[in-house]
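Observations on chain architecture
Residues per chain are reported as follows:
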Amino acid sequence: IFSVGYAMLGRPLPYADADRLVMLRPMNPSHGMFFPTVAPANLLDWQAQAKSFEAIAGYRRRTVDLTGGDRSERLRGLSITPEFFKVLGVPLTGETFGPNDPQRRRFEIIIGRRLWQRRFASDRKLLGKIVDINLINLSRVGPTPSLVTGIASADAHFPPLTADFSLTPGVVTGIGDSVDFWVPELINPEMRDNGDLDVIARLRPGIPIEQAQAEMDTVSRNLAAAHPETNTGLSVRVVPLRDEVLGGSRRALLLLFACTGFVLLVACGNVANLLLARATARHKEVAIRAALGAARWRILRQFLAESACIALPAGAIGAGLAIASLVLLRPLIPAD
């Protein structure tokens, strides 16, 4: 239980300066409505007006087929705005996508490290080459020649600890999986009433989340005044990425932590009572040793050595049971 709790509550998320990563979630408190995604035009306004963030990026999940080569392969990836890699700090060989331009006709792709190793045999000459992906573009549906502009130099597990339901019935992927690819998300600056983007941002150093929240409240009021038909009553929650990952499970994990801690204290109390009872039963033996000249420290060392002979094997057995329990527990963790 400690291993599970520490992984969720204590271990840093696998991103650079992860404590500065936040999700931006729109909401309408007057109607009790919470929206998971953001309209593209609102995202552009947030990027232009919010100064508490180093970068703000939008993304959405994509599942496509890699059709080139000797076989077709289902891939899990993201459609992203150009700021995405600046937000997450994922190292790249090559370069990220250029500025958002709906008029562009060149289709680009960034390849994930594991896909690069598995499918392309870590070929460094892949940069600048064309691969066929079945992306939906502006004019047709089908295999789309896409230029490889970059290759991730490290695995990128994002979104973290979320389930991505692929198009294959009954197949769920995503927990701990790395992203296979990224393609550019072309933002429609006129689309304000239909949200389909998740938004992640990186706070500037030294900016507390309360300050960022206050600024986003101001930005929301400005947008409501400028676009009352779509933004009236709309505000934004600035949510730390760890809280977004944990959701409502933080309280349950803390309660489980406390319960197992009390169980451990009870077990330690029981062992201490047994050792005290055993020491009391050996009162005459200790008295004889003292009468023969054994110093108090020497007697104490003897008891400590005897306790260590009990504690070390017991600890080893307990650690082995814990490792075995984790192996059995992992498949039971829910996808969400």
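Note that the structure is predicted; figures quoted are calculated from it, not measured.

1. What to know about the overall build of the protein
The helix and strand inventory of the protein stands at 10 helices and 13 strands. Counting all 336 residues of the protein, 35% fall into the buried class. Of the contacts made within the protein by residues no fewer than 6 positions apart, 72% connect residues no fewer than 24 positions apart.

2. Some words on the packing of aromatic side chains
Counted under the stated rule, the structure contains 5 aromatic pairs. Aromatic pair Phe2 and Tyr6: ring centres 6.0 Å apart, planes at 10°, arrangement stacked. Taken as a pair, Phe2 and Tyr6 lie in helix α1 (residues 2-10) at a separation of 4 residues, close to a single helical turn. Taking relative accessible area as the criterion, Phe2 reaches 58% and is therefore assigned exposed. Residue Tyr6 is classed as partly exposed on the basis of its relative accessible area of 38%. On the numbers, 5.9 Å between centres and 5° between planes, the contact of Phe2 with Phe257 is stacked. Of this pair, Phe2 sits in helix α1 while Phe257 sits in helix α8 (residues 249-281), placing them 255 residues apart in sequence. The exposure class of Phe257 is partly exposed, given its relative accessible area of 28%. Through a chain of ring-to-ring contacts, the aromatic side chains of Tyr59, Phe84, Phe85 and Trp182 assemble into a single cluster.

3. Remarks on the packing of helix α2 (residues 40-49) against helix α5 (residues 209-226)
Where α2 meets α5, the axes come as close as 11 Å, and the angle between the chain directions of the two elements is 125°. By the criterion of interaxial angle, the relationship of α2 to α5 is oblique. Read as a crossing pair, α2 and α5 show a hand that is right-handed. On α5, the residues that touch Asn42, Asp45, Trp46 and Gln49 of α2 are Glu215, Met216, Val219, Asn222 and Leu223.

4. A look at the packing of α1 against α8
Between α1 and α8, the least distance of the axes is 10 Å, while the angle of their chain directions is 145°. As α1 packs across α8, the resulting crossing turns out to be left-handed. Where α1 abuts α8, its residues Phe2, Val4, Gly5, Tyr6, Met8 and Leu9 lie against Arg250, Leu253, Leu254 and Phe257. Partitioned by chemical class, the residues of the contact of α1 with α8 number 8 nonpolar, 1 polar and 1 charged.

5. A few points about the confidence of the model for the protein
Residues with a pLDDT of 70 or more make up 87% of the protein, whose mean pLDDT is 82. Within the model, pLDDT remains below 50 along residues 161-176, and this stretch shows 29 contacts once partners closer than five positions in the same chain are excluded.

6. Quick notes on unusual backbone geometry
A positive phi angle, close to 55°, is found at Ala121, a residue other than glycine. Topologically, Ala121 is positioned in the loop between α4 (113-120) and β7 (130-133). Residue classification places Ala121 among the exposed positions, given a relative accessible area of 63%. Residue Ser122 is not a glycine yet carries a positive backbone phi of 55°. Along the chain, Ser122 turns up in the loop between α4 and β7.

7. Here we look at the pattern of salt bridges
Evaluation of the coordinates by the stated rule reveals 15 salt bridges. As a salt-bridge pair, Asp198 and Arg61 come within 3.6 Å of each other at their nearest N and O atoms. Residue Asp198 is located in strand β12 (residues 198-203), and its partner Arg61 is located in strand β3 (residues 53-66); the two are separated by 137 residues in the primary sequence. Asp198 gets classed as buried once you look at its relative accessible area, which sits at 10%. Put simply, Asp65 and Arg74 hold a salt bridge, and the shortest N to O gap is 2.7 Å.

8. Remarks on α4
All buried positions along α4 are accounted for by Leu115, Trp116, Arg119 and Phe120. Mapping the buried residues of α4 onto a view down its axis gives an arc of 100°, with all of them on the same face. Looking at the packing, one finds that the buried side of α4 touches β3, β4 (73-80), β6 (108-111), β7 and β8 (144-152).

9. A few points about the nonpolar core
Ranked by internal contacts, the top residues of the largest apolar core, which has 25 residues, are Phe84, Trp182 and Ile200. Looking at this core, the elements that each hand over two or more residues are β1 (21-28), β3, β4, α3 (84-88) and α7 (241-246). Considering every element that reaches this core, the biggest residue donor is α3, with 4 residues. Those residues within four positions of Trp182 in sequence are excluded, and the remaining contacts are Leu78, Ile80, Phe84, Phe85, Phe97, Glu108, Ile109, Ile110, Ile111, Gly112, Ala152 and Ala156. In terms of nonpolar packing, the next biggest core, distinct from the first, is built from 19 residues, Leu43, Trp46, Ala50 and Ala201 among them.

10. Topic: the side chain of Arg25
Mapping Arg25 onto the fold places it in strand β1. Here Arg25 falls in the buried class, since its relative accessible area comes to 9%. Of note is the side chain of Arg25, whose polar atom sits 2.6 Å from the side chain of Glu244. Non-local contacts of Arg25, meaning those with residues more than four positions away in its chain, are made with Phe35, Pro36, Asp198, Ser235, Val236, Arg237, Val239 and Glu244.

Cut-offs used in this document
Residues numbered from 1 in each chain as written. Predicted model: local features only at pLDDT ≥ 70, side-chain atom pairs only at ≥ 80, totals over all residues. Heavy atoms only, no water. Helix = DSSP H or I, 4+ residues; strand = E, 2+ residues; numbered from the N terminus. Buried < 20%, exposed > 50% of the residue type's maximum accessible area, 1.4 Å probe, protein only. Contact = heavy atoms within 4.5 Å. Phe/Tyr/Trp six-rings, centres within 6.5 Å; stacked < 30°, edge-to-face > 60°. Axes fitted to C-alpha atoms, helices over the stretch in contact; angles between N-to-C directions. Parallel < 35°, antiparallel > 145°, perpendicular 65-115°, else oblique. Left-handed = near helix turned anticlockwise from the far one by under 90°. Nonpolar A, V, L, I, M, F, W, Y, C, P; charged D, E, K, R; others polar. pLDDT = per-residue confidence, 0-100. Salt bridge = Lys/Arg side-chain N within 4 Å of Asp/Glu carboxyl O. Arc of directions from axis to C-beta. Core = buried A, V, L, I, M, F, W, Y, C linked by side-chain atoms within 4.5 Å. Polar contact = N/O pair within 3.5 Å; in protein donor to acceptor, adjacent residues only side chain to side chain.

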